[in-house]
Amino acid sequence: MAKSSPAFTCTACGAAHKKWAGQCEACKAWNSVIEEAPLSAGPKSLGGKGRKIALTDLATQSAPPPRATSGMDEFDRVLGGGLVEASAILVGGDPGIGKSTLLLQATAAFARRGVKSMYISGEEATAQVQMRAQRLGLADAPVILGAETNLRDILTTLDTERPGLCVIDSIQTMWLDTVDSAPGSVSQVRSAAHELVTFAKKRGVAIILVGHVTKDGQIAGPRVVEHMVDTVLYFEGERGHHFRILRAVKNRFGPAAEIGVFEMTGDGLAQVTNPSALFLSDRDKPAPGSAVFAGIEGTRPVLTEIQALVSPSPLGTPRRTVVGLDSGRLSTILAVLEARCGIPFAGLDVYLNVAGGMRVSEPAADLAVAAALLSAREDVAIPPDMVLFGEISLSGALRPVSQTENRLKEAMKLGFTQAIAPSRSKMAGVDGMTVRQMPDLTAFVGEIFGAG
Ligand code: TYD
Ligand code: MG
């Protein structure tokens with residue numbers, strides 16, 4: 001009856017294999033393929049008697065989970081409105097981006113608000129953390145501090161202390177004496193995360209795990225850590241810039257894609273409550289190649305400046321350099337401009353950039369990208385008081401996007417007076433904004449850049 005199901009599975013990526021291998025073919029991880037019990041054909045073949053589980057309907061709801069707030073609004077919002085009891089959170093980011101700084105500040109903020117808070121550093125000695133706290137003006141916060149990497153000792157300590165919040169910095173330094181491999185290895189990270197998450201659920205402690213991210217943007221160690229926790233946050237930013245963005249990529253207790261914006265200063269991370277003003281602050285005069293995109297990040301509208309530079313290419317294959325946007329998206333938009341509007345970029349180098357180190361992933365940015373590209377190519381500045389948004393389809397049509405009104409209101413708040421939006425956008429007019437609705441890219445090119 002039971003058909004032959006693949007009996008070997010990679011513990012790092014979950015790929016199924018027909019036979020054992022030292023290296024997983026799918027994700028290239030070493031020593032991660034293990035044998036799994038074959039799937040059974042049903043309850044009968046399992047032999048033993050099961051118990052029927054209690055079932056219910058959707059209407060029987062308990063109260064929403066109680067949340068503790070830190071008072072750092074940018075942090076609380078990304079968590080979905082505060083820290084949920086007994087939840088497990090993973091904060092990932094490149095080394096040196098400011099994870100330890102952020103979490104020390106957050107731990108201190110929770111501690112000051114009466115949450116019993118613990119900070120365990122596996123990377124720095126207590127004296128180092130204390131010195132940093134001193135510099136950040138947090139030395140007086142009632143944080144319980146420890147420096148340890150042995151998970152058995154940490155769990156024992158947690159069980160005695162029973163804090164409301166415990167930060168583990170970082171999960172890659174933790175090791176379990178029952179697992180026979182080096183700290184930071186796939187199996188150590190996996191087991192350590194599993195122990196901590198299970199402990200969090202059983203004992204009602206909220207746990208924040210810090211994780212390093214590899215070059216290609218994955219949390220070093222197994223991806224399964226991301227599946228184990230309730231919330232995954234990424235702390236990101238460009239090295240040369242002082243802006244840092246905390247982004248929720250998964251949240252069982254709140255909206256995903258929510259962002260919190262911080263600025264790295266001499267005394268730690270400062271909250272940025274009006275990111276639009278910050279990302280646009282470098283704009284002075286209207287310049288060709290610049291377009292302002294009215295975007296939505298999570299639940300909040302954020303304006304960003306898209307910059308393009310187009311120059312004749314000395315190379316056979318012209319350069320396409322993108323910072324802060326998806327490079328595949330740039331290729332698509334260039335192809336649509338060429339095929340639908342007859343504006344070629346062949347033989348031209350294209351550089352595209354989101355100002356301020358911000359990263360934009362919304363398809364609604366397409367129109368602003370196209371506008372910046374055209375503006376750079378034609379050397380015609382876009383009116384400085386204009387925002388744009390709209391998704392470009394392969395046919396060249398402009399597709400309406402969500403939350404038109406929120407985008408327009410944010411733009412108006414920052415002194416913009418005109419907007420280009422797709423036709424059929426759902427909106428009531430916003431006073432003080434002139435909104436021109438365009439059906440497709442060709443109409444847009446004709447309107448802004450003359451005949452095209
Ligand atoms: P850190 O929090 O140690 O990064 P991570 O834990 O992600 O590896 O932050 C490291 C960087 O932050 C370091 O290069 C210096 C900078 N920094 C400041 O600019 N101001 C500060 O107040 C602090 C504490 C750090
Ligand atoms: Mg650190």
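Data block above holds the structure.
No experiment lies behind these values; they were computed from the predicted model shown.

**Q** Please set out the overall build of the protein residue by residue, giving values where relevant.
**A** Helix and strand counts for the protein come out as 11 helices and 23 strands. For the C-alpha atoms alone, the extent of the protein along its principal axes is close to 75 × 65 × 55 Å. A buried classification covers 48% of the 452 residues belonging to the protein. Counted over contacts in the protein with a minimum sequence separation of 6, partners at least 24 positions apart contribute 65%. Accessible surface, the protein: about 21600 Å² in total, of which carbon and sulfur atoms supply 53%. The distance from the centre of the 45 positive side-chain charges to the centre of the 46 negative ones in the protein is 7 Å.

**Q** Let's hear about the site of ligand 1: which residues, and what values?
**A** With respect to spatial proximity, 16 residues lie near ligand 1, and among them Gly 96, Lys 99, Ser 100, Thr 101 and Gly 268 are the closest. Within the contact set of ligand 1, an oxygen atom lies 2.6 Å away from a side-chain nitrogen or oxygen of Ser 100. Thr 265 is positioned such that a nitrogen or oxygen atom in its backbone is 2.9 Å from a nitrogen atom of ligand 1. For ligand 1, whose free accessible area comes to 560 Å², the fraction covered by protein is 71%. Mapped onto the shell around ligand 1, the elements with two or more residues apiece are helix H2 (99-112), helix H3 (126-135) and strand S13 (259-265). Counting residues per element, the shell around ligand 1 draws most heavily on H2, which supplies three residues. Of the residues belonging to the shell around ligand 1, the class tally is four nonpolar, seven polar and five charged.

**Q** Help me get a handle on the side chain of Glu 410, residues and values and all.
**A** Considering the arrangement of structural elements, one finds Glu 410 in helix H10 (residues 404-413). A distance of 2.7 Å separates polar atoms of two side chains, one belonging to Glu 410 and the other to Ser 276. For Glu 410, the residues in contact, after removing those within four places along its chain, are Asn 274, Ser 276, Pro 301 and Leu 303.

**Q** Talk me through the pairing of strand S9 (residues 165-169); I want residue IDs and the actual numbers.
**A** Strand residues, when the strand is regular, have side chains that alternate between the two faces of the sheet. Burial analysis of S9 places five of its five residues in the buried class, which makes it a mostly covered element. A two-sided burial pattern is seen for S9, the buried positions comprising Leu 165, Val 167 and Asp 169 on one face and Cys 166 and Ile 168 on the other. Where strand S7 (residues 117-121) lies against S9, five bridges are found, and the strand directions are parallel. Following the sheet pairing, Ser 121 is matched in S9 by Asp 169. Direction of pairing for S9 relative to strand S10 (residues 206-212): parallel, over a ladder of four bridges. Bridge assignment links Leu 165 to a residue of S10, and that residue is Ala 206. Regarding topology, helix H5 (residues 186-203) serves as the crossover connection from S9 to the parallel S10, and that connection is right-handed.

**Q** Got a sec to walk through the packing of helix H8 (residues 327-341) against helix H9 (residues 366-378)? Specific residues and values, please.
**A** In contact at an axis separation of 10 Å, H8 and H9 are set at 65° when each is read in the N-to-C sense. The handedness of the crossing between H8 and H9 comes out as right-handed. Between H8, through Arg 329, Leu 330, Ile 333, Leu 334 and Leu 337, and H9, the contact on the second element is made entirely by Asp 366, Val 369, Ala 370, Leu 373 and Leu 374. Of the residues in the contact of H8 with H9, the class split is eight nonpolar, no polar and two charged.

**Q** Before we move on, can you summarise the sheet that holds strand S12 (residues 243-251) with the specific residues and values?
**A** Across the sheet, which stays open at both edges, the nine strands sit in the order S8-S7-S9-S10-S6-S11-S12-S13-S14 with mixed pairing between neighbours. Of all the strands in the sheet, the pair left with one neighbour each is strand S8 (144-147) and strand S14 (268-271). The mean inter-strand angle of the sheet, taken between neighbouring strand axes irrespective of direction, is 25°. Along the sheet face, H3 touches S7 and S8 and points at about 140° away from the line of S8. Set on the sheet, H5 makes contact with strand S6 (88-93), S9 and S10; between it and S10 the angle comes to about 160°.

**Q** So what's going on with the pattern of salt bridges? Residues and values would help.
**A** A complete count under the given rule lists 20 salt bridges for this structure. Ionic pairing is found between Arg 152 and Asp 177, a salt bridge with its closest N-O pair at 2.7 Å. Of this pair, Arg 152 sits in helix H4 (residues 151-161) while Asp 177 sits in the loop between S9 and H5, and the two are 25 residues apart along the sequence. Look at the salt bridges and you will find they share partners, linking Glu 236, Arg 247, Glu 297 and Arg 359 into a network.

**Q** Please provide a residue-by-residue account of the nonpolar core, values included.
**A** In this structure, Leu 373 and Phe 444 are the most contacted members of the largest nonpolar core, which totals 66 residues. Broken down by element, this core gets its largest block of residues, nine residues, from H9. Not counting the four nearest positions on each side in its chain, Phe 444 is found in contact with Leu 367, Ala 371, Leu 374, Leu 388, Ile 420, Met 438 and Phe 449. Listed in part, the 33 residues of the second largest apolar core include Leu 83, Val 91, Tyr 119 and Val 129.

**Q** Now, about the pairing of strand S22 (residues 418-422): what can you tell me, with residues and values included?
**A** With five of five residues buried, S22 is to be regarded as a mostly interior element. Side chains Gln 418, Ile 420 and Pro 422 project from S22 onto one buried face, and the interleaved Ala 419 and Ala 421 project onto a second face that is buried too. Across three bridges, the pairing between strand S19 (residues 386-388) and S22 is parallel. Residue pairing in the sheet places Leu 388 in a bridge with Ile 420 of S22. Strand direction decides the pairing type here: S22 and strand S23 (residues 434-438), joined by five bridges, are parallel. Considered in S23, the bridge of Ile 420 is made with Arg 436.

**Q** Outline the packing of aromatic side chains, supporting the account with residue identities and numerical values.
**A** On inspection of all chains with the given rule, the structure shows three aromatic pairs. Seen in terms of ring centroids, Phe 75 and Phe 110 are 6.4 Å apart; in terms of plane orientation they differ by 70°. Their pairing is edge-to-face. Taken together, the positions of Phe 75 in helix H1 (residues 73-78) and Phe 110 in helix H2 put the pair 35 residues apart, joining distant regions of the chain. Here Phe 75 and Phe 110 have matching classes, each one buried. A centroid spacing of 6.2 Å and a plane angle of 75° characterise the contact between Phe 235 and Phe 262, whose relative ring orientation is edge-to-face. Here Phe 235 is found in strand S11 (residues 231-236), whereas its partner Phe 262 is found in strand S13, with 27 residues between them in sequence.

Conventions adopted
- Per-chain numbering applies: the sequence of each chain, read as written, is numbered from 1 onward.
- Naming scheme: in the order in which they are written, chains are lettered from A and ligands are numbered from 1.
- Confidence filtering applies because this is a predicted model: local features only for residues at pLDDT of at least 70, side-chain atom pairs given and counted only at 80 or more, and all residues used for totals across whole chains, interfaces and linings.
- Water and hydrogen atoms were dropped before computing side-chain values, which therefore reflect all heavy atoms in the structure.
- The helix count covers DSSP runs of H or I at least four residues long, the strand count covers runs of E at least two residues long, and both are numbered beginning at the N terminus.
- Relative accessibility under 20% of the residue-type maximum defines a buried residue, over 50% an exposed one, and the middle range a partly exposed one, all with a 1.4 Å probe and only protein chains included.
- Here a residue-residue contact requires only that any non-hydrogen atoms of the pair lie within 4.5 Å.
- Computed with the Shrake-Rupley method and a 1.4 Å probe, the accessible areas treat only the protein chains shown as cover for residues.
- Lys and Arg are tallied as positive, Asp and Glu as negative. Neither His nor the chain termini are counted.
- For the purpose of locating charges, the reference atoms are NZ of Lys, CZ of Arg, CG of Asp and CD of Glu.
- Here a residue counts as near a molecule or strand whenever at least one of its heavy atoms sits within 4 Å of it.
- Under the rule applied, a polar contact is a pair of N or O atoms within 3.5 Å (in protein, one hydrogen donor and one hydrogen acceptor; residues adjacent in sequence only if both atoms are side-chain atoms).
- Residue classes follow a fixed rule: Ala, Val, Leu, Ile, Met, Phe, Trp, Tyr, Cys and Pro count as nonpolar, while Asp, Glu, Lys and Arg count as charged, and any other residue, Gly among them, counts as polar.
- Criterion used throughout: strands pair if DSSP finds at least two bridges between them.
- We call a crossover right-handed when, viewed with both strands directed away from the observer, the connection leading from the first strand over the helix to the second proceeds clockwise.
- Axis definition: a line fit to C-alpha positions, over the contact stretch in the case of helices; interaxial angles, taken between N-to-C directions, run 0 to 180 degrees.
- When the near helix sits turned anticlockwise from the far one by under a right angle, the crossing is termed left-handed; a clockwise turn instead gives a right-handed crossing.
- Salt bridges, as used here, are contacts in which a Lys or Arg side-chain nitrogen is within 4 Å of a carboxyl oxygen on Asp or Glu.
- Definition used in this section: a nonpolar core is a set of buried Ala, Val, Leu, Ile, Met, Phe, Trp, Tyr and Cys residues joined via side-chain atoms within 4.5 Å.
- Aromatic pairing here means that ring centres of Phe, Tyr or Trp (its six-membered ring) are within 6.5 Å. Orientation follows from the plane angle: under 30 degrees is stacked, over 60 is edge-to-face, and everything else is tilted.

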